[in-house]
Each structure stands twice: as structure tokens, then as C-alpha cells.
Amino acid sequence: MLEWFLGGMKLLSWNVNGLRAAVVSGGLKQLLDLLGADIICLQETKITRDLLEEPLAIVEGYNSYFSFSRTRSGYSGVATFCKADATPEAAEEGLSGLFTKHDGAVGCYGNTDNFTLEELQALDSEGRAMITRHCICTSEQRETTLTVINVYCPRADPEKPERGDFKLRFFHLLQARAEALLRAGGHVVILGDINTAHKPIDHCDPGELESFQKNPGRLWLDSFLWEPGKDFQNKKLFVDTFRFLHPNQEEAYTCWCNVTGSRHLNYGTRIDYILADSTLVSLELVEAQVMPEVRGSDHCPVQAMLKSVCLAAPCCPPLCTRFLPEFAGTQQKLSRFLVKVDRTGLPEKDQKQREAKPLYGRSSKKARTGPLQKGQGDLRRFFKAGSLRDSDGAGCQAFMHRAAERNSAKGTVSTERPVNKCRSEKVAGMSEEHLRSLGKEPAAGLISGEATNSGEGVVPSRSKQSASLWKTLLSGPAKPPQCKAHGEPCVLRTVKKQGPNCGRRFYVCAQPLGKPSDPRARCNFFLWADQGNP
């Protein structure tokens, strides 16, 4: 691993798979500081504007720019965090420009004649792109601009063909915007989750080569990116920064499946990229890396280092999160009016009014007024073991006895307890002595689960007697089968894919997914749960 160039500019991208889940102890500032980049682009934040809280929106030392999904809550979304010394001069949400209703937009939208208005709105409504433009000083002491496009590209769902078309249209709109920005002057970087492994070297299991290469997303990347090993003078406009510097590095993956635990064996794909224009790469790129050591998501961050130095704008563009009405002090949130009030700390005037009101919905002579009387406990305490005093227990028994007498007089209650057929069969198989021991009343002082010593030894508590009876009646869940290769218990899974087996459960090897040649990897053991152990 090369040392980072001192005084340069670091760009970082990370699909966090939920921003609130990624930020645990220490807060967002600590996470951003640990990542240590000038511009940090996050994808799949899963935050809509109504759920955005101030600790995630406004971070000391950074200015943030969010794009939210307008179609589903807790879905998609991207966010760009810029250090104060990398403050952009312009910022814009989306690729089409339809959501640009403010000054300080980036502009340069390219030719979108092949897109309908409804299509452009749909492509930008899922919160998949945030664009910021920065002033930089290159290594040649030349001031220019760098436009950073933070994207979370759609995933092609085999069961939803329309999503595959949606993904390709998103790629084409991204290309049109990026090339238009490049033609306008300055440099352009596209970074984020592209959701496509470009070459077989970027995939743990590419399968049949011809079928792999015919994937529509890979065909688009072939047409959009310069290919390593080709003449750089006849290059395409954009370059995969990692493959430019590390053309033959294998197993450089950025995404793994959480369900299969494949990250433990590094059995994944490289679908997170930093793509830069060829001129920026040839003159300013120092290093590009993947960071698998950073946990907290099913993706890991990727980063690139430039020789260029960022020049901070004098003020943040209007799209900055700190200027949103809910954070700028111009709009009150509903949650601020829902303040929890301590009933014991009410002002004297309010306390008197509360004491004057009956505690029940109707006012009557029998309705008690005022706060809860001293000694009156919470209802939940009656559901805790050992919480009743002897007097409480006697009172409950007396009440139940009187209720039973009244119901018996009405002829509504049978004096016999219902019999469970399965239980009666098991009880019938027990010895008379065992049944007599289970029916014994516990000695005095055993209500709380204690045991006393007598001449006959230790008498078990009622709870232990009940546990013994239940263990006799219920055998518990069946033990999972053991896989043939490892001789270890398997794990139970459920089919979630729509089809005739949807909802059906099955057993598979508990080891993480990996290469077939790796003895630590999951073997091919499979058994339907309803077929029983082999």
C-alpha cells in the first residue's frame, strides 16, 4: 500500500446500507473523521427528508448535501459531505435538472431529447444522484473546477425486467450529463455504487465468459470506460481509477452478501467505483484503493487521491442541508410540540386543575379525583413473579371464589377443567408415583421459588415442578441435520423467491459462501425441512 500524497485531495465513496445503522457510538462526525477524506460520498442512506435528524444533517467541520427518495420511505438516497476547506461553489440534486429550483445549480445537462419528461422525473425521483462543483488548484498551479457526481445506480432485478431497462436508462442519462459537464470545461469524477461488476476479475463467480460479457450493464461500461492495456492516447473519456493503477489485482472486492457470510472468505464483487476523466487521471491521480478493513455495511469504501488541492468557496450553495427550513430555524418540527411532561413536576396551578378533574371519563360521586394515591402501584407489577403479597394473593383467591360461585349459580361455568387429548395421553403413560409427586403442594415459603430442607431432602419449587412437567410433555424443536463435509449442524432458511416453493424451509451448510476449492467454504448440502433428517 502506497503512502498518501501529502497536501493532495482525497475522494471517498461508500455504500453505507443505511446511514443511521452505520453511525453507532461516537456519532457521524467521528465516522467522517475516521474516513479522513475531503469529499465523502455516501449511498443508500435510506433516509427521507421527514426522517432526517439534525445530528445527521449538520456535522461540525462539514457541509452536507442530501438527495432523498420521493417514491418510497427508507429506500435509496445519497449524501455528500464536504470538509469546510472543500466547500463547493455549486450543488444540485439529480441528473436531469428537473429538481433545480434554486440559485447555485451546477448546470450543463446535455442532450436529453431521447427521454420523456415522465421518464426523467422517474429516474431522478429515487434519490440516486447528488452533484457538487468545486474549485481546485492542480499540480501545475492552474485553477480549474472539479465536478463530483455521487451516484447510487439502480439494481437489475431478474424478476422485474422493467428494472433492467430502468437501470440502462439511468446509465445513459448519467453519461449524457457527465460528458456535457466535461465539454463545458474542468474535470469530472463519477463515484459511487455502479451496481455492476465490469470484468470477470471483478467477480468471485463470473460463470460462463460469453454470457458474463453480454450483460447490458457491462456492455455500457465497455463503451463508457477506457480499457486497461489499450493505447491511452486513443482512450475513452472516462477511466476506472482503480484498474488504471491496479490492472491485474485479483479479489479486490467491495461488496459481499450478508446472508451467506461471504465476507469472511472474501467471496464478493467489485461494484463500487471512482471514475474520472482521462486528463485528470493522467496528470493528477496518485492512488486508488479499496478499503475492506472498514466494516459497518455489506460494502466497503473506495478512495482515490489526487495531487490537486481543493479551494473552498466563500459560502455554501443554497442546497446545503443547513439551509433547509427545519434546520435553519424558520420551520418548527411537530416533535418539538410533543414534549414529555413529568406529572409530578407540574406547576401548582396545573396541579390543582389536574386534581379537580376525575380520573375516569364520566364524573360521578364514585369517581376518584386527584393524582394516583400513595402506594398505588403500576399495573405491570402485577404481572411479575413474586410481586404479590400474601394478602394480595388471598384477596385474589377470595375474589375468584366469589366469581366462580356467581357463575355457577347462573349455570355458565363448568366445574370440570377442559382436558387436552395429547396431554392426557402423556399423563396416562406416567407412573402413579410421578403424578403424585407433581401434584404435591410446595412447602411453606416456596412461593418465591425457594427450596427448603426437610428430612426427606430438598423439595423442588413450584416453578421447577412446572418446568419438569413441560419438558415431559413437550419434546422441543427437532435438532438440525449435520452437513456431510464439515459434520456440523446446518442452518434453517426460508425460500423468499416467488414460486411454488415460496415460504418453504430448508437446511443448508452453516459455513460462509466461498470458492468451491476452499475447504472452509459452504458445501453443497441441502435438505428440505419437511423431509426430516437423513
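This section reports on the structure supplied with the text.

What counts and how
Residues numbered from 1 in each chain as written. Predicted model: local features only at pLDDT ≥ 70, side-chain atom pairs only at ≥ 80, totals over all residues. Heavy atoms only, no water. Pairing = 2+ DSSP bridges. Helix = DSSP H or I, 4+ residues; strand = E, 2+ residues; numbered from the N terminus. Axes fitted to C-alpha atoms, helices over the stretch in contact; angles between N-to-C directions. Contact = heavy atoms within 4.5 Å. Core = buried A, V, L, I, M, F, W, Y, C linked by side-chain atoms within 4.5 Å. Buried < 20%, exposed > 50% of the residue type's maximum accessible area, 1.4 Å probe, protein only. Polar contact = N/O pair within 3.5 Å; in protein donor to acceptor, adjacent residues only side chain to side chain.

## A short note on the sheet that holds strand 4 (residues 78-83)
Stage number 1. Ordered by their spatial adjacency, 6 strands build an open sheet running 3-4-2-1-12-11, and the pairing between neighbours is mixed. Among the strands making up the open sheet, the edge pair consists of strand 3 (62-67) and strand 11 (285-290). Strand-to-strand, the axes of this sheet are offset by a mean angle of 15°, without reference to chain direction.
Stage number 2. In terms of strand pairing, strand 11 meets strand 12 (residues 302-306) through 5 bridges, oriented antiparallel. Its bridge partner being in strand 12, Gln-289 is matched across the sheet by Gln-303.
Stage number 3. The sheet contacts of helix 2 (residues 27-35) involve strand 1 (9-15), strand 2 (39-43), strand 3 and strand 4, and relative to strand 1 the element is tilted by about 125°.

## Some words on the nonpolar core
Stage number 1. If you look at the biggest cluster of nonpolar residues, it comprises 34 residues, and the most contacted ones within it are Met-9, Leu-11, Ile-39, Tyr-65, Leu-146, Val-189 and Leu-191.
Stage number 2. Not counting residues up to four positions away in its chain, the partners in contact with Leu-11 are Ala-37, Ile-39, Val-189, Leu-191, Ile-274, Val-302, Gln-303, Ala-304 and Leu-306.
Stage number 3. Counting 29 residues, the second-largest nonpolar core is a separate cluster that includes Ala-129, Val-188, Ile-194 and Leu-275.

## Some details on the environment of Glu-284
Stage number 1. Relative to the helices and strands, Glu-284 resides in helix 9 (residues 278-284).
Stage number 2. Taking C-alpha positions, Glu-284 is 9.4 Å from Glu-140, a pair spaced 144 residues apart along the chain.
Stage number 3. Within polar-contact distance, the side chain of Glu-284 engages the side chain of Ser-308 at 2.9 Å.

The quantities given are spatial measurements derived from coordinates; they are silent on function.
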